[in-house]
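Chain residues, written in single-letter form:
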Amino acid sequence: MPLLEIKNLSVSIPTPDGDVHAVRAVSLDIERGEIHGVIGESGCGKTMTGMAALGLVPKGARIQADRFHFDGEDLRENAVRLRGRRIGLISQDPAAALNPVLSIASQMDDVIRAHRDMPRRARRAEAAGLLAATGLPDPERVLRSYPHQLSGGMQQRVVIAQALATGADFLIADEPTTALDVSVGAQVLALLRKLVAERGLTVLMITHDMDVIAEACDRATVLYAGRSIETGPVDDVLQRPGHPYTRALLAALPDAAPHAARLSAIEGSIPAPRSTIAGCAFAPRCPQAMPVCAAEPPPERGNDGRRWLCHLPEGTR
Amino acid sequence: MSSVLSVDNLVIRYRGGLFSPRPKPAVNGASFQLAKGETLGIVGESGSGKTSLLRAILRLLPVESGAIELEGRDWLALKGDALRRARQKIGVVSQNPFLSLSPRLTIAEILAEPMLAAGGPQSPAMREKITGLLSDCGLPADFLDRRARELSGGQAQRVAIARALALEPSLLILDEPTSALDVSVQAQILNLLSDLKESRALSMVFVTHNLKVVAHISDTLLVMRRGDVIEFGRTEDVTRAPAEDYTRELLSFGRKAVAGA
């Protein structure tokens, strides 16, 4: 059984101008011990999917799903209890996640004290041990520091150590490297891989960056307009994409074209979040669209663990 | 080939505290040339000195030593009115179009501003020129009466590029112009920039932390690290045989993301 099991999740937020469909139909199976990438462009619903699993959707939002379970427990009822106990969050901007006026020691201690029954000295040792586990070279010095005295990469390691301190075994990492330099981001991704291998963690990695998916993830799911349109092992999704949108997204990368050649941009724009979509959401922009695409929901192609939604028969390009 | 911009042994150093030792220079002896009609890519991470270098080229920062020539003129010697007039030769596009476009003005007003500031009279000809600029940047004329908040990120960045071209600069400086955009929109903007480079024989300085983006569109490439220029050469040469491990590391990140690579 997958650790996180999502089938047909939708999140709508009522507004005076009608419902905003932030997530329309996302299905996601995340197995224990994998890093699962969720990739998509702005407004595709990737962050809202993660927030729904944390029970952090906006007030009044409606969550519906055929299945929305974490380790057998329904997230619609238990998300708030599981958050911070089993499910941790690593956000994009570590500087915003840390309190600027408290030392790292006191912020680490807050987390450990809330989750474990330990005497003060043991908590301090535990904090130092967790910081060391995230690859920070001098944990005692880091504990005495304030966030502004640390670099972005060090701050992100502290945030990861805090998530570990709760005892969480499932981390939702929302663009964890976007605010960092490329070489520092690569180190943070390597750390996450190491923690997955050593501690049996499971990670949901939300990102817009194909390079991050390629560097760090085992499997990936592509979202478009609030729907999961393709999922599979990273190599398959990146090297042999099934869905025309995935293909178009990869073709738009600067390294997909010869030097100085024109890039194949995707014409048009994403559907409005308040609109209703009858068929395939990508149909208006798809170079291979057929009349049926806009009219009917696309069928599922592929096989176990390697699926995409498209009217085009398998093998057509 | 004549160079538009020539920088020779440029050193920029920020002042330290009164009693603190002299800090290391933010830019430590940078030298490079940009030929007319070419694009120079400058890559570096935070603290590498790329922004300091850019600010010095824009004369927003004093330099400690070295020389900058713009179209053969001693750029650092210009003062007052002469500097103000000469600055019109440089157009600037920044990272976040929503911060650089006024939310109160219409797109037509935004594009008119540089021309009015340069003393141009408000006339039907100006309106025509604005429409032309906008269409060169891939936006139809019905955008003229909209405001920035009604635009998508890609559309707003097109307006920012159109504004930077309003005074027909000989040099366009782009500071992370696609970093705030989605991949598919980034491709549109990169295509637009290569079109403009062709049609207007523009010379460009493209600054970014993303080596792959800049390696795609630049003719020459300059990599900075901790104030030093660690690579400078033709883009093909730098990407094929990087002199530094650091450059190789940046190039190889996420390599398998490209189908078939």
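Since this is a predicted model, take the numbers as computed values, not measurements.

Chemist: Outline the confidence of the model for chain A, supporting the account with residue identities and numerical values.
Modeler: Chain-level pLDDT for chain A is 94 on average; 100% of the residues reach the 70-or-more range. Across chain A, the secondary-structure element scoring lowest on mean pLDDT is strand β12 (residues 300-303) of chain A, at 92, and the one scoring highest is strand β3 (residues 35-39) of chain A, at 98.

Chemist: Provide a residue-level description of helix α6 (residues 153-164) of chain B, including the pertinent values.
Modeler: Residue and element names in this part refer to chain B. Look at α6: 17 Å from first C-alpha to last across 12 residues, which is about the 16 Å you get at 1.5 Å a residue. Within α6, 11 of the 12 residues are buried, leaving the element largely enclosed by the surrounding structure. For α6, every residue scored as buried is listed here: Gly154, Gln155, Ala156, Gln157, Arg158, Val159, Ala160, Ile161, Ala162, Arg163 and Ala164. In this structure, the buried residues of α6 make contact with β6 (90-93), α3 (97-100), α4 (107-117), α5 (124-136), β7 (171-175) and α7 (183-200).

Chemist: I'd love a proper account of the pairing of β7 of chain B, names of residues and values included.
Modeler: Residues and elements named next belong to chain B. With five of five residues buried, β7 is to be regarded as a mostly interior element. With four bridges connecting them, β6 and β7 associate as parallel partners. Residue pairing in the sheet places Gly91 in a bridge with Leu172 of β7. In this sheet, strand β8 (residues 203-208) lies alongside β7 in parallel orientation, the contact comprising five bridges. Looking at β8, one finds that Asp175 is bridged to Val207. Note on the crossover from β7 through α7 to β8: the handedness is right-handed.

Chemist: Could you give an account of the sheet that holds strand β5 (residues 73-74) of chain B, with specific residues and numbers?
Modeler: All names here are of chain B. Spatially, β2-β1-β4-β5 is the arrangement adopted by the four strands of the open sheet, whose pairing is antiparallel. Two strands close off the open sheet at either side, each with one partner strand: β2 (27-35) and β5. Note that strand β4 (residues 65-70) and β5 share two bridges and pair antiparallel. Bridge assignment links Leu70 to a residue of β5, and that residue is Arg73.

Chemist: Break down the interface of chain A and chain B for me, citing the residues and quoting the values.
Modeler: Contacts between the two partners involve 31 residues from chain A, matched on the other side by 26 residues from chain B. Secondary structure elements with two or more residues in the side of chain A that touches chain B: α8 (182-199), α9 (210-216), α10 (234-239) and α11 (244-251) of chain A. Looking at the side of chain A that touches chain B, the element that brings in the most residues is α9 of chain A, giving six residues.

Chemist: Give me the lowdown on unusual backbone geometry, citing residues and values where you can.
Modeler: Residue and element names in this part refer to chain A. One non-glycine residue, Asp71, lies in positive phi territory at about 50 degrees. Looking at the secondary structure, you find Asp71 in the loop between β5 (67-70) and β6 (73-74). At Ala225, a residue that is not glycine, the phi angle is positive and equals roughly 50 degrees. Of note, Ala225 is situated in the loop between β10 (219-224) and β11 (227-233).

Chemist: So what about the sheet that holds strand β10 (residues 228-234) of chain B? Which residues, and what values?
Modeler: All names here are of chain B. As summarised here, the arrangement of the six strands in space is β6-β7-β8-β3-β9-β10, forming an open sheet in which the pairing is mixed. Because the sheet does not close on itself, it has two edges, and the strands there are β6 and β10. Taken over all neighbouring pairs, the strand axes of this sheet differ in orientation by 15 degrees on average, direction set aside. In the packing of helix α1 (residues 50-57) onto the sheet, the strands contacted are β3 (39-43), β7, β8 and β9 (220-225), and the crossing angle to β7 comes to about 150 degrees.

Calculation notes
Residues numbered from 1 in each chain as written. Chains lettered and ligands numbered in written order. Predicted model: local features only at pLDDT ≥ 70, side-chain atom pairs only at ≥ 80, totals over all residues. pLDDT = per-residue confidence, 0-100. Helix = DSSP H or I, 4+ residues; strand = E, 2+ residues; numbered from the N terminus. Expected span 1.5 Å × (residues − 1). Buried ≥ 20, exposed ≤ 12 C-beta atoms within 10 Å, placed from the backbone. Contact = placed C-beta atoms within 7 Å. Pairing = 2+ DSSP bridges. Right-handed = clockwise from strand over helix to strand, strands pointing away. Axes fitted to C-alpha atoms, helices over the stretch in contact; angles between N-to-C directions.

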